[in-house]
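Coordinates in review
Residue-level listing of the chains:
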Amino acid sequence: MSFFKKLTDTVSKGVSTATEKAQQTVEITRLNAQISGKRKEIDKLFASIGESVYEGYQAHDLSLAQSKVIPKCEEITAIHVEIAALNDRIKSIRNEKDCVCGKRLPEDTRFCPACGNRFPDPIPVELEKTPVQVDPYVPDELDSEQSDAPSVATDQRQICNSCGTPLYADSHFCPACGEPTR
Ligand SMILES: [Zn+2]
Ligand SMILES: [Zn+2]
């Protein structure tokens, strides 16, 4: 089964985080299977609603369908809620959260790099652990043929003017302090 082959490959790549990642992958796969199962339940309910409506049409009284259709619609609404809960669970396993602007971000982001939205502060202890990476870009001089090439790499190493945090390529705001980048 290719699923287990894939799983074995992931684990064999080494370190313990790979095992942890594999466990997360299994859990996410399980949740996704539950979600697609629930989507199929919804499809069945839609089909059954359609049948009830058609029966009412044939009997020249659509109101006959109402008593059958309403409980099924309520069931669909309940399943939508369950699917949303499963999706939330997947996001928390991946350590992600959604910004109000729709951008998907790592759980520990304090400011959205796209819209500047500020998230509630994480537990203060976490802040001390966050290393501020300010190591400057060092050009690779091993290959003399490429020494004339423009230093594109400096653009990839943009850092926040205010706090020195490395920025994403498409950042409009520093993810650590919220300072606008341009
Ligand atoms: Zn945002
Ligand atoms: Zn900053």
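Every residue gets a number counted from 1 within its own chain, in the order that chain's sequence is written. Chain letters and ligand numbers both follow the written order, the letters beginning at A and the numbers at 1. Confidence filtering applies because this is a predicted model: local features only for residues at pLDDT of at least 70, side-chain atom pairs given and counted only at 80 or more, and all residues used for totals across whole chains, interfaces and linings.

Labels follow the DSSP assignment, with helices taken as runs of H or I lasting at least four residues and strands as runs of E lasting at least two, numbered in each case from the N terminus. A count of helices and strands for the protein gives five helices and two strands. Listed by position from the N terminus, the elements making up the protein come as α-α-α-β-β-α-α. Of all 182 residues assigned to the protein, the portion counted as buried reaches 7%. Our contact criterion uses C-beta atoms placed from the backbone: two residues qualify when those atoms are within 7 Å. Here the analysis covers contacts within the protein between residues at least 6 apart in sequence; of these, 35% occur between residues at least 24 apart. Our exposure labels follow a C-beta count within 10 Å of each residue's own C-beta, placed from the backbone: buried means 20 or more other C-beta atoms, exposed means 12 or fewer, and partly exposed covers the counts in between.

Okay, the nonpolar core next. Membership of the largest hydrophobic core is limited to eight residues, which are Leu 105, Phe 111, Cys 112, Cys 160, Leu 167, Phe 173, Cys 174 and Ala 176. Discounting chain neighbours no more than four positions away, the residues touching Phe 111 are Gly 116, Asn 117, Arg 118, Phe 173, Cys 174, Pro 175, Ala 176, Cys 177 and Gly 178. By convention in this section, buried Ala, Val, Leu, Ile, Met, Phe, Trp, Tyr and Cys residues joined through C-beta atoms within 7 Å make up a nonpolar core.

On to the environment of Lys 21. Residue placement: Lys 21 occurs in helix α2 (residues 16–58). For the pair formed by Lys 21 and Arg 94, sequence separation is 73 residues and the distance between their alpha carbons is 9.3 Å.

Our next topic: helix α3 (residues 63–93). For α3, with 31 residues, the first-to-last C-alpha span of 46 Å sits near the 45 Å given by 1.5 Å per residue. The principal kink in α3, of about 35 degrees, is found at Val 69, preceding the proline Pro 71 by one to four residues. Just downstream of α3 lies Asn 95, where phi reads positive at about 60 degrees. One less than the residue count of a helix, multiplied by 1.5 Å, gives the span that helix is expected to have. Axes are fitted to the seven residues ending at a residue and to the seven starting at it; the angle between these axes is taken as the bend at that residue.

Let's shift gears to the confidence of the model for the protein. pLDDT: the predictor's confidence for each residue, scored from 0 to 100. On average, residues of the protein score 81 in pLDDT, and 71% of them are at 70 or above. At the low end of the mean pLDDT range in the protein sits helix α5 (residues 153–156), at 47; at the high end sits α3, at 95. This model gives residues 10–14 a pLDDT under 50, and the stretch forms eight contacts once residues within four places in sequence are excluded. Counting contacts from residues 144–155, a segment whose pLDDT is below 50, to residues more than four positions away or on other chains yields four contacts.

The subject of this paragraph is the environment of Cys 174. If you trace the backbone, Cys 174 turns up in the segment after α5. Along the primary structure Cys 174 and Thr 109 are separated by 65 residues, whereas in three dimensions their C-alpha atoms are 9.7 Å apart. Non-local contacts of Cys 174, meaning those with residues more than four positions away in its chain, are made with Phe 111, Cys 160, Ser 162, Cys 163, Thr 165, Leu 167, Glu 179 and Thr 181.

Looking now at the environment of Tyr 168. Mapped onto the elements of the fold, Tyr 168 is located in the segment after α5. The class for Tyr 168 is partly exposed, based on 14 C-beta atoms found within 10 Å. Each C-alpha atom, one on Tyr 168 and one on Gln 158, is 7.8 Å from the other, the two residues being 10 residues apart in sequence.

Our next topic: unusual backbone geometry. Trans is the common state for peptide bonds, and a negative phi is the common state for residues other than glycine. At His 60, a position not held by glycine, the phi torsion is positive, near 55 degrees. Among the residues examined, His 60 registers 7 C-beta atoms within 10 Å and is labelled exposed.

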